[in-house]
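Residue strings, one per chain:
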Amino acid sequence: MKFVRKIAVVVALVFIITAVLGGVAPVSSQKVEGASKKVVTFTMFSADATVQYHPDIFSTAIGQEITKRTGVRLKIEHFVGMDQATKISLMLASGDLPDLVYGSGEHKQFIQNKALVPLDNYIEKYGQWTKKAYSSVDLKKLRQADGHIYFLSYTRGEVSPSASGEGLYVMIDMLQKNNWPRLKYWEDLVPMLRDYVKKYPKYKGMPVIGMSAITEGARFYVIQDPATGLNGLVADTVQVDPKTYKASYDPAGIGMYKAYKALNALWNEGLFDKEAFVQTYDQWAAKVAQGRVVTSWGRSWHFNNAFNTLRKNNEDDRILVPFGIVFKGVKKSRYVMLQSIGTRDGVSITKKCKDPVRAFQFLDQLLNPEIQKLMFWGIKGRDYLVDKKGKMYRTQAMIEKARDPVYQKQEGLGYWNIWPRWQLKFPDGNYVKPELDPDIAYMQWAPAQKKVLEAYKAKTFVEPPFADEPECPPWGYAWEINIPPEKQKEIQVPLNIANDLARKYIPMLIMAPRGKYDEVWNKYKAEVRAKINTKPIEEFYTQEMRQRMADWYGIKVK
């Protein structure tokens with residue numbers, strides 16, 4: 001008995017010492033960790049304006065279960081409006097910062113104003129799950145210009161088989177009525193579009209629209225996609241030579257001239273949406289949901305709600321599917337790209353955080369696969385099942401339920417996309433998200449979408465003939481690189497001017513009367529040349545890309 005007592009005393013001492021030194025509870029005890037402690041509430045600001053936010057995600061079934069397991073609840077203020085930069089500038093100027101922040105495209109402001117807590121030491125000391133979910137190479141890429149890590153990226157370099165793809169979206173009904181043509185070139189698409197609209201000018205009494213696009217506010221980038229997409233270029237701030245890593249930048253290049261001249265021709269034929277530059281995003285989505293848009297520019301997530309409406313109305317043949325349309329002579333489309341680990345933004349801890357250690361432990365706890373499954377799969381038995389071999393799966397009924405916005409809001413499904421996560425699979429072999437599982441991916445499609453896949457002998461919309469083999473530039477993407485304050489004047493200011501000129505001239509180019517396109521283009525080109533010195537921009541991004549190649553892979557270019 002004395003021996004047993006001694007062992008018990010030693011175990012107790014080890015436990016106490018561990019607790020005093022601030023050690024993290026053993027993995028096996030994490031499920032009860034939250035229950036044994038008072039719940040901590042952290043405040044947070046999220047600037048994600050690309051998705052519909054939940055007013056109180058921690059009141060949902062999934063949110064409550066996460067609080068139960070982690071002992072943490074979040075009180076989140078969501079950004080509303082279209083000017084993230086101003087909102088975050090005012091927040092920083094006031095000094096009134098929440099415990100956690102997600103700044104989306106303006107996350108750099110928090111970094112540059114030194115408002116964030118570096119995570120390096122926390123990862124080393126408390127990051128038991130972080131170090132499993134993110135490789136040393138991943139963590140190296142997440143280091144910012146000052147050498148510190150401020151967030152754990154939610155972007156992990158996958159192309160989801162569930163994605164409805166990227167490119168120019170084309171209505172299924174037109175494809176079917178043309179016996180499933182293999183669309184690759186713009187020059188082949190236009191005659192087909194022209195004939196279809198002529199033959200079917202109205203749908204349910206409303207005018208059919210040959211081509212539409214999203215142009216409102218922060219989503220204006222959608223109508224900038226044709227300039228790169230049709231020319232087989234990567235939609236990025238600069239183009240990079242894969243051998244020299246030299247960046248080139250020309251906001252009024254020949255590719256842009258050709259792309260908008262093609263759209264201008266559609267406009268003058270009456271095939272381009274006459275309301276494209278005055279309509280809101282919701283008005284565009286409503287037209288797609290009415291089943292009267294034959295082709296449209298947009299990203300996959302822009303179409304989801306409209307497609308769900310068409311499915312509910314049994315009009316799934318009016319859904320659009322993507323094709324990597326390029327001009328003849330272009331060898332490869334680059335609409336679908338592999339995303340390297342995201343280096344621009346993620347959830348960070350501010351220097352005003354009341355307990356940064358506990359906040360980081362919470363971020364690390366979220367990477368526990370059991371909590372990740374809650375976040376992305378939902379409640380076991382209700383949102384997914386597990387077979388005898390341990391494989392997670394969803395029934396068709398569960399897939400349908402998970403698509404229902406009312407159920408999503410009630411359950412808390414689909415609201416966790418900005419948080420740290422594993423890449424593709426967990427250690428037990430299950431996919432991190434149901435949409436990454438090819439079996440579930442296929443089950444989710446509407447009958448008409450499955451018919452399209454069958455007709456083109458494909459399993460997904462992110463493979464030929466819908467998309468060419470996706471690439472991942474080893475240097476990542478220029479749009480993710482934060483421009484330092486001392487470079488704002490020579491880099492960011494001219495980039496902003498270029499964007500303003502694009503907003504001014506792209507509508508004018510597309511809407512130019514017959515015979516006037518070149519006149520508008522020459523004005524645009526002259527103003528670009530007069531106001532923008534591209535040399536510092538090219539030099540900056542060349543240096544950044546070469547530095548990344550050196551830091552990430554040890555490749556040095558003189």
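What you see is a predicted model, and the numbers here were worked out from it, not measured in a lab.

**Focus on the pairing of strand S11 (residues 320–323)**
Neither face of S11 is exposed, since Leu320 and Pro322 on one face and Val321 and Phe323 on the opposite face are all buried. Across four bridges, the pairing between strand S4 (residues 168–171) and S11 is antiparallel. Each residue of the ladder has a partner; that of Leu168, found in S11, is Phe323.

**So, the pattern of salt bridges**
Pairs can form between side chains of opposite charge once their charged atoms are near each other. This model, assessed by the stated rule, comprises 30 salt bridges. With its nearest N and O atoms 3.6 Å apart, the salt bridge here joins Lys328 to Asp188. Here Lys328, found in the loop between S11 and strand S12 (348–349), pairs with Asp188, found in helix H10 (residues 186–199); they are 140 residues apart in sequence, far enough to count as distant. Residues Arg344 and Asp345 are paired through a salt bridge, measuring 2.4 Å at the closest nitrogen-oxygen approach. Each of the salt bridges in this network shares a partner with another, and the network as a whole consists of Asp173, Lys177 and Arg318.

**Brief notes about the sheet that holds strand S10 (residues 293–297)**
On the basis of which strands lie adjacent, the open sheet formed by four strands has the order S7-S10-S4-S11 and mixed pairing. Across the chains shown, the open sheet's two edge strands, defined by having one partner strand only, are strand S7 (209–213) and S11. Across the sheet, the mean angle separating the axes of adjacent strands is 25° when strand polarity is ignored. Here helix H14 (residues 300–312) sits on the sheet in contact with S4, S10 and S11, set at roughly 25° to S4.

**Considering unusual backbone geometry**
Across the junction of Pro464 and Pro465, the peptide omega takes the value 10°, indicating a cis bond. If you trace the backbone, Pro465 turns up in the loop between helix H20 (447–455) and helix H21 (488–510). Here the phi dihedral of Ser104 falls at roughly 50°; this positive angle occurs in a residue that is not glycine. Mapped onto the secondary structure, Ser104 falls in the loop between strand S3 (100–102) and helix H5 (107–112). Residue Ser104 is classed as buried on the basis of its relative accessible area of 7%. Look at Lys114: it is not a glycine, yet its phi comes out positive at around 55°. Its place among the elements puts Lys114 in the loop between H5 and helix H6 (120–126). Using a relative accessible area of 59% as the deciding quantity, one classes Lys114 as exposed.

**Describing the nonpolar core**
Trp186, Phe272, Trp297 and Tyr541 are the most contacted members of the largest nonpolar core, which totals 99 residues. Looking at this core element by element, the count peaks at nine residues for H21. Dropping the residues within four chain positions of it, Trp186 is found in contact with Leu168, Met211, Leu230, Ala262, Leu263, Leu266, Trp297, Ile325, Val326 and Phe327. The next biggest cluster of nonpolar side chains, apart from the first, holds 68 residues, and it includes Ile88, Leu139, Leu152 and Cys353.

**Description of the sheet that holds S3**
What the four strands build is an open sheet, ordered S2-S1-S3-S12; its pairing is mixed. Each end of this open sheet is capped by a strand with a single partner; those strands are strand S2 (72–78) and S12.

**Some words on the domain arrangement of the protein chain**
Split by domain assignment, the protein chain resolves into domain 1 (40–152 + 347–385 + 398–419) and domain 2 (158–342 + 424–483 + 496–528). A separation of 30 Å is found between the C-alpha centroids of domain 1 and domain 2. Between domain 1 and domain 2, the contact holds 21 residues from the first and 21 residues from the second. At the boundary of domain 1 with domain 2, the tally comes to two salt bridges. Run the count over domain 1 and domain 2 and you get seven residue pairs in polar contact (both at pLDDT 80 or more).

Rules of the game
Residues numbered from 1 in each chain as written. Predicted model: local features only at pLDDT ≥ 70, side-chain atom pairs only at ≥ 80, totals over all residues. Heavy atoms only, no water. Buried < 20%, exposed > 50% of the residue type's maximum accessible area, 1.4 Å probe, protein only. Helix = DSSP H or I, 4+ residues; strand = E, 2+ residues; numbered from the N terminus. Pairing = 2+ DSSP bridges. Salt bridge = Lys/Arg side-chain N within 4 Å of Asp/Glu carboxyl O. Axes fitted to C-alpha atoms, helices over the stretch in contact; angles between N-to-C directions. Contact = heavy atoms within 4.5 Å. Core = buried A, V, L, I, M, F, W, Y, C linked by side-chain atoms within 4.5 Å. Domains from an automatic or database assignment. Polar contact = N/O pair within 3.5 Å; in protein donor to acceptor, adjacent residues only side chain to side chain.

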